[in-house]
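Breakdown of the fold
Below are the chains, spelled out letter by letter.
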Amino acid sequence: MPKVVDHDQRRVEFIEATWRIIARTGWESATMAAISSEAGYSNGAVKPYFATKDDLLTAAFDHIYVQTGRRMATATGCKRGVAALRAYCREILPLEATSRDEARIIIPFWQQALTRPALVERHEQAMRQWRRDLQRYLTEAREAGEIRTHIPDEDIIGHLLTALLGAQITATLMCTIETTETLTAQLDGFLSLLAT
């Protein structure tokens, strides 16, 4: 009887192999042959699932977005307002090994997106969802009196996203315990300013 192949699982295996290679040795080393080998398959096995490296990079981005979303949902749980806002942002910050590896994939994704409108749109879809979530927590915080600043929510969200996405680069280039502590302190400092 022929072996039944779980194609969805195979796709995930190739995505995770891509992720590991990029995190370990960079985007340029993530060739289709290297990805097939990393996943434990023969050369060319990835082609039926992902025709190009760009397809794989997009899938890796989507995989990261889904994983981050799951962590966000767990971290925010029953929290509301500033507590939820802080927990949500901490899941974006590259504070742990997994989120630092994710940053190593996001950076080449941004590089490729410079000349590929479809990748820009994929990124913007993710950012629209993050903006909606951040807005919800800001609204809860204002209603609870936890945030009293007159700065418009749109500007607060813009600042947070700029800082959180910029932290991807900072943590990738300067991966130390001090960097992790600094990023956490910067987030906490900014959130405390919103209460004044």
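On a predicted model such as this, the values are computed, not experimentally measured, just so you know.

**What about the overall build of the chain?**
Helices and strands together make up the secondary structure of the chain, namely eight helices and zero strands. Secondary structure of the chain in N-to-C order comes out as α-α-α-α-α-α-α-α. On the principal axes, the C-alpha backbone points of the chain span a range of 65 × 35 × 30 Å. With 196 residues in all, the chain has 42% of them scored as buried. Accessible surface, the chain: about 10500 Å² in total, of which carbon and sulfur atoms supply 57%. Of note, the chain has its 23 positive side-chain charges centred 3 Å away from the centre of its 25 negative side-chain charges.

**Examining the UniProt feature "DNA-binding region" (unreviewed entry) in the chain**
Annotation from UniProt places "DNA-binding region" (unreviewed entry) at residues 31-50. This span, residues 31-50, is 40% helix and 0% strand, and a straight line between its end C-alpha atoms measures 12 Å.

**Examining a nonpolar patch on the surface**
A contiguous nonpolar patch, built from Ile169, Leu173 and Met174 and spanning about 320 Å² of accessible area, is present on the exposed surface. Examined against the element boundaries, isoleucine 169 turns out to sit in helix H7 (residues 153-173).

**Points about the packing of helix H1 (residues 7-25) against helix H3 (residues 53-76)**
In contact at an axis separation of 9 Å, H1 and H3 are set at 95° when each is read in the N-to-C sense. Taken together, the axes of H1 and H3 are roughly perpendicular relative to one another. In this structure, H1 contributes Val12, Phe14, Ile15, Glu16, Thr18, Trp19 and Ile22 to the contact, and H3 contributes Leu56, Leu57, Ala59, Ala60, His63 and Ile64. Within the contact of H1 with H3, the residues separate by chemical class into 10 nonpolar, two polar and one charged.

**Points about the environment of arginine 122**
Of note, arginine 122 is situated in helix H6 (residues 117-143). Here arginine 122 falls in the partly exposed class, since its relative accessible area comes to 29%. In contact with arginine 122, other than residues within four places in its own chain, are Thr58, Phe61, Asp62 and Phe109.

**A few points about the UniProt feature "domain: HTH tetR-type" (unreviewed entry) in the chain**
Following the UniProt record, one finds the feature "domain: HTH tetR-type" (unreviewed entry) at residues 8-68. Its end C-alpha atoms 20 Å apart, residues 8-68 is made of 69% helix and 0% strand.

**Considering the packing of aromatic side chains**
Here a ring pair, both rings aromatic, is described through the centre-centre distance and the interplanar angle of the planes. For the coordinates displayed, the defined rule picks out five aromatic pairs. Centre to centre, the rings of phenylalanine 14 and tyrosine 49 are 5.6 Å apart; their planes meet at 45°, and the pair counts as tilted. Of this pair, phenylalanine 14 sits in helix H1 while tyrosine 49 sits in the loop between helix H2 (32-39) and H3, and the two are 35 residues apart along the sequence. Neither phenylalanine 14 nor tyrosine 49 differs from the other in exposure class; each is buried. Three or more aromatic residues joined by ring pairs make a cluster, and in this case those are Phe14, Tyr41 and Tyr49. Cation over ring: lysine 53 sits above tryptophan 27, and NZ or CZ is 4.1 Å from the ring centre. The ring of tyrosine 137 has arginine 136 sitting right over it, with the charged end atom 4.7 Å from the ring centre.

**With respect to the nonpolar core**
One finds Phe14, Ile35, Phe50, Leu85, Trp130, Leu134 and Leu160 to be the most contacted residues of the largest nonpolar core, which totals 57 residues. Secondary structure elements with two or more residues in this core: H1, H2, H3, helix H4 (81-92), helix H5 (97-113), H6, H7 and helix H8 (177-193). For tryptophan 130, the residues in contact, after removing those within four places along its chain, are Tyr65, Thr68, Met72, Tyr88, Ile92, Leu161 and Leu165.

**A few points about the state of the cysteines**
Note on terminology: disulfide describes a covalent bond linking the sulfur atoms of two cysteines. The full count for this structure, using the stated rule, is zero disulfides. Take cysteine 78: it sits in no disulfide, and the sulfur closest to it among the cysteines is that of cysteine 89, at 19 Å. Its relative accessible area of 0% is what places cysteine 89 among the buried residues.

**Brief notes about the pattern of salt bridges**
Evaluated as defined, the whole model comprises 13 salt bridges. For glutamate 140, the salt bridge identified is with arginine 80, shortest N-O distance 3.3 Å. Linking glutamate 140 in helix H6 with arginine 80 in the loop between H3 and H4, this pair joins segments that are 60 residues apart in sequence. Looking at glutamate 140, the relative accessible area reads 13%, which means it is buried. Judged by relative accessible area, which is 52%, arginine 80 ranks as exposed. Between aspartate 153 and arginine 142 there is a salt bridge whose closest N-O contact spans 2.6 Å. Here the residue aspartate 153 occupies a position in helix H7, and arginine 142 occupies one in helix H6, the gap between them amounting to 11 residues. Here aspartate 153 falls in the buried class, since its relative accessible area comes to 15%.

Cut-off values and rules
Within any chain, residue numbers begin from 1 and follow the written order of that chain's sequence. Local features in a predicted model are, by the rule used here, given only for residues with pLDDT of at least 70; side-chain atom pairs are given and counted only at 80 or more, and totals for whole chains, interfaces and linings are based on all residues. With hydrogens and water set aside, each side-chain value is computed from the structure's full complement of heavy atoms. Under the DSSP-based scheme used, a helix requires at least four consecutive residues in state H or I and a strand at least two consecutive residues in state E, with every element numbered from the N terminus. Burial classification: accessible surface area is computed with a 1.4 Å probe over protein chains only, and a residue below 20% of its type maximum counts as buried, one above 50% as exposed, and the rest as partly exposed. Only the protein chains shown count as cover for residues, and the accessible areas themselves come from Shrake-Rupley with a 1.4 Å probe. Note on charges: Lys and Arg go in the positive column, Asp and Glu in the negative column, and His and the chain ends are not counted at all. By convention, the point assigned to a charge is CZ for Arg, NZ for Lys, CD for Glu and CG for Asp. UniProt positions are given in the numbering used here, feature names are shortened, and annotations may be inferred rather than shown by experiment. Exposure above 30% relative accessible area and the lack of any salt bridge qualify a residue for a patch; like charges then connect within 9 Å, and the nonpolar side chains Val, Leu, Ile, Met, Phe, Trp and Tyr within 5 Å. We count a salt bridge whenever a side-chain nitrogen from Lys or Arg sits within 4 Å of a carboxyl oxygen from Asp or Glu. The angle between two axes is taken between their N-to-C directions and runs from 0 to 180 degrees, where each axis is a line fitted to C-alpha atoms and a helix contributes only its stretch in contact. Any angle that is under 35 degrees is reported as roughly parallel, and any over 145 degrees as roughly antiparallel; angles of 65 to 115 degrees are reported as roughly perpendicular and all others as oblique. Here a residue-residue contact requires only that any non-hydrogen atoms of the pair lie within 4.5 Å. Nonpolar residues are Ala, Val, Leu, Ile, Met, Phe, Trp, Tyr, Cys and Pro. Charged residues are Asp, Glu, Lys and Arg, and all others, Gly as well, are polar. The aromatic pairing rule takes the rings of Phe, Tyr and Trp, using the six-membered ring of Trp, and pairs them if the centres are within 6.5 Å, calling planes under 30 degrees apart stacked, those over 60 edge-to-face and the rest tilted. Only lysine NZ and arginine CZ atoms are considered, and such an atom sits over a ring when it is within 6 Å of the ring centre and within 35 degrees of the ring normal. As used here, the term nonpolar core means buried Ala, Val, Leu, Ile, Met, Phe, Trp, Tyr and Cys residues forming a set that is joined through side-chain atoms within 4.5 Å. We call a pair of cysteine sulfur atoms a disulfide whenever their separation is within 2.5 Å.

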